[in-house]
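Remarks on the overall topology
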Amino acid sequence: MPLLQVENIHTYYGNIHALKGLSLHIEQGEIVTLIGGNGAGKTTTLRTISGLLKPREGSITYDGKDLLKYPAHEVVYKGISMVPEGRGIFARLTVTENLEMGSYSRNDKNEIQRNMDRAFTLFPRLKERRTQLAGTLSGGEQQMVAMGRALMASPRVLLLDEPSMGLAPVLVELIFDTIQQINKEGVTILLVEQNALMALSIANRGYVLQTGEIVLTDKAEKLKNDPTVQKAYLGIE
Amino acid sequence: MKKENFLLSATKTGLVGGAIAIFLCLIGMVEIFNKRDVIQGIVTLGQFVWLATAVGAGYTASQQTSHLLNGKKPAQNLTAGALAGFFSAALTAFLVWLGSQTDLRAIFINASPALYELLTFGKGLAGLPQLLIIGIISGIVGATFTLLPKAVQRPLLHALMMLIFMALFSGIFRVVMINQGNKWETLAKSIFSQTGLTQLGGWIFILGTIAISVFWSNRGEAVKASMARMPSKGKLSLRILVFLIIAVIALGLPQVSGPFIAQVIVIISLYILMGLGLNITLGFAGLLDLGFVAFFAVGAYTVGLLTSYGPFGLQHISFWVAVPIAVLVSMAFGAFLGLPVLGVRGDYLAIATLGFGEIIRLLAGSDFLAGYFGGPQGVIGIQKPCLGVLEPFIKLDTPRICDGIEIGQGAADHFLAGPGGIYYLAIISALLIAFVAWRLRESRLGRAWMAIREDEDVAEALGVNLIQTKLLAYILGAAFAGLGGAIFSVLIGSIFASSMQLLVSINVVALLVVGGMGSIPGVIVGAIALIGLPELLREVSEFRYLIYGTVLIVMMLAKPEGLWPSQATKRELHHETSAQGGD
């Protein structure tokens, strides 16, 4: 049984039908990527899973439980953490305070300390800058803060929304290496990306999303070699 | 590009200075300030204001000249200053001439004969040459100032500021000193005149300030260095000493200063309470509330209705019992406001809360509810609290004994009857609430508020219950303001819906902005600057909002983070990007 099962969800923004019966599943320990163009519904999918948007139809099952009956602020308590699009760091709080906010859903002091140490081990740069206001950091460092903050909640599933957005290639490499490392530590990952090539090269499986529907799904390797995917998302003619 | 001719630039500056002078004349500032002396028999505040424009024009013109000519050239600088001073005065002279030809009062009420008399030294148009000469001299004085070395400029500037400060507050100092008995009275009368400083007083403050300023610029660094070298134990005891001195002053102040100053401090404290409340909703949680006075009104009316012996008093319970009830009722209103506006953000929230504040005020003052709240007549006969006993939670009948004195006989006699006693109540409440606000800020709840302020969605995704957290911000903010209202009602002894103006809410927002958003010491500094100073300067109160507006604009340009900003805002606005920490 998959860890996270999304079944036939329909999400709307007012009258705009953003997700039209989307289904996907993620197994424990996998890296699954969701690729697609602008406006395909990638971010909407993540926001629906994390409870910020409620679908009108469909079901989301997590670890055998119906996830839709929990309000957004309780989803994180179940073990699903999100790194939001555009990073969403708290600009006027320090790096440490941002990380501490990440552990808002945790009570165990030792656990919080362990997570803090883990964040600083994953991102040594953050340790150097921990007293700095997060808003004054570079884009790459802000992405590190956002990821470190999400990990502070000891998640089983990490939802990443375009972690490579606006970053220099060398930083993209670093972020993707770190995603793999986080995954090796046992965290299941759902990765939304426009940078399809990078995403498919670290993922186990992938879904191709187009105007609110899954149009293709396969092993990441196979998607990478699929002619339509190559043409549409990888820039290969 | 060819640089502008310095004479042309000086002329322009002079005309700007003159325009300001005319403006100050026509709004009546020069004339009204003329009733106050800076130094008796030498210069009045009105003259001073006018001179300041000419001196300022000379100063600015000289600065520009140095800039245009790439350096200080005394002859040109002084010429520019004189020219600017001349044109500055010339515009005023033109105003006087125009006034002698036509009656300007039809449009400008303040263009009165008294103003002309003042500007022409009582000589009619024959006084105008004298005015121009004074303008030129002022311009030269301003220009000379720029030529002086920094070491001379600073003490002079300090002395000038001290002089203005002392002159403005001379009335208060005088009264306070005269209250202290004979010796002080003689001293007060020799330094302060009825309307300003005496000549002796003026010299004392000018020379004294210069002496201190010179000493400090020569020895200040050494003093600071020796303080820094002090062992930590010494620093601690120094801090305790300073704290003790402040505490002693605070405790003894109302006895020394008399009721007026005590009342001003009470009002400052009430604004501090409201400021701390709004600091939670706006400063911490980022929820703009333009109707904050509503909670103040709820607190005031609750205590009023529960303790009043007037026609609308529901109960005659003890103040000490009424206060917690008032705070609870305010909290309920906080939730009542919070619930419908939970989903409203930003500008819309400001408008919604603005409406709420007005609704409360209009309801309280309406004829419809006049049977409960007294309508425009308000609730009167609110009993002053007694300190001695916590009276029982029952209807107390008159005559009532309070601290051993029968109320209604010598009502002003018992301790908490006047501003001098309420002072302690207000100060202690403000300190207590400041402490609570500080602890809240460092708490889990405080962090959640700040996360909401920064990004609601992310905060929610991290596990912050938005509904609960936002409601708590409204409720706690309301509680603080309600406590302020409760104290206000016993300070004044009566409450009227007309005291709950929108302006109060605006003042609270402004004091947060001036003090520094989200900063607790900032609230205190902001309340003193925006509420305390205008209260003390009642004589110039006609121009209160002119000065107020100018100060706000200047603040936003020069010091947008506020007078005492929180660490975060300070760093944000000064783009501190250097890496630090790593200890």
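Criteria and thresholds
Residues numbered from 1 in each chain as written. Chains lettered and ligands numbered in written order. Predicted model: local features only at pLDDT ≥ 70, side-chain atom pairs only at ≥ 80, totals over all residues. Heavy atoms only, no water. Helix = DSSP H or I, 4+ residues; strand = E, 2+ residues; numbered from the N terminus. Rg over C-alpha atoms; globule rule 2.2 N^0.38 Å. Contact = heavy atoms within 4.5 Å. Areas by Shrake-Rupley, 256 points an atom, 1.4 Å probe, with all protein chains shown as cover. Lys, Arg positive; Asp, Glu negative; His and termini not counted. Charge placed at Lys NZ, Arg CZ, Asp CG, Glu CD. Buried area = accessible area lost by both parts, 1.4 Å probe. Salt bridge = Lys/Arg side-chain N within 4 Å of Asp/Glu carboxyl O. Polar contact = N/O pair within 3.5 Å; in protein donor to acceptor, adjacent residues only side chain to side chain. Axes fitted to C-alpha atoms, helices over the stretch in contact; angles between N-to-C directions. Parallel < 35°, antiparallel > 145°, perpendicular 65-115°, else oblique. Nonpolar A, V, L, I, M, F, W, Y, C, P; charged D, E, K, R; others polar. Pairing = 2+ DSSP bridges. Domains from an automatic or database assignment.

1. Examining the overall build of chain A
Along chain A, the regular secondary structure elements total ten helices and ten strands. The C-alpha atoms of chain A give 17 Å as radius of gyration, which agrees with the globular expectation for 237 residues (18 Å, within 12%). With respect to the three principal axes, the spread of C-alpha positions in chain A is 45 × 40 × 35 Å. The contacts in chain A between residues at least 6 apart in sequence include a share of 68% that link residues at least 24 apart. Summed over its atoms, the accessible surface of chain A is roughly 9,700 Å², and 48% of this surface lies on carbon and sulfur atoms. Side-chain charges of chain A comprise 26 positive and 26 negative groups, with the mean position of each set lying 4 Å from the other.

2. Some thoughts on the interface of chain A and chain B
Listed per partner, the contact involves 31 residues of chain A and 28 residues of chain B. Roughly 2,700 Å² of surface becomes buried between chain A and chain B when both sides are summed, with 56% attributable to carbon and sulfur atoms. Counting the surface chain A buries against chain B, the share from its top three residues, His73, Arg92 and Tyr104 of chain A, is 27%. Along the contact surface separating chain A from chain B lie four salt bridges. The interface formed by chain A and chain B holds seven residue pairs in polar contact (both at pLDDT 80 or more) in total. Mapped onto the side of chain A that touches chain B, the elements with two or more residues apiece are helix H2 (72-75), helix H3 (95-102) and helix H5 (124-128) of chain A.

3. Some points on the packing of H3 of chain A against helix H17 (residues 444-454) of chain B
Interaxial distance between H3 of chain A and H17 of chain B falls to 11 Å at its minimum, and their mutual angle equals 105°. Compared by their axis directions, H3 of chain A and H17 of chain B come out roughly perpendicular. Packed against H3 of chain A, whose contacting residues are Glu97, Glu100 and Met101 of chain A, the element H17 of chain B presents Arg447, Ala448 and Ala451 of chain B at the interface. A per-class count over the contact of H3 of chain A with H17 of chain B returns three nonpolar, no polar and three charged.

4. Section: the sheet that holds strand S4 (residues 57-62) of chain A
Residue and element names in this part refer to chain A. Taking strand neighbours across the sheet as the criterion, the four strands line up as S2-S1-S4-S5 in an open arrangement whose pairing is antiparallel. Where the open sheet ends on each side, the last strands, each with one partner, are strand S2 (16-26) and strand S5 (65-66). With five bridges joining them, strand S1 (residues 4-13) and S4 adopt antiparallel strand pairing. When the sheet's bridge partners are listed, Glu7 is paired in S4 with Ser59.

5. Some thoughts on the domain arrangement of chain B
Segmentation of chain B into domains returns domain 1 (1-147), domain 2 (154-244) and domain 3 (261-535). Centre-to-centre, using C-alpha coordinates, domain 1 of chain B lies 47 Å away from domain 3 of chain B.

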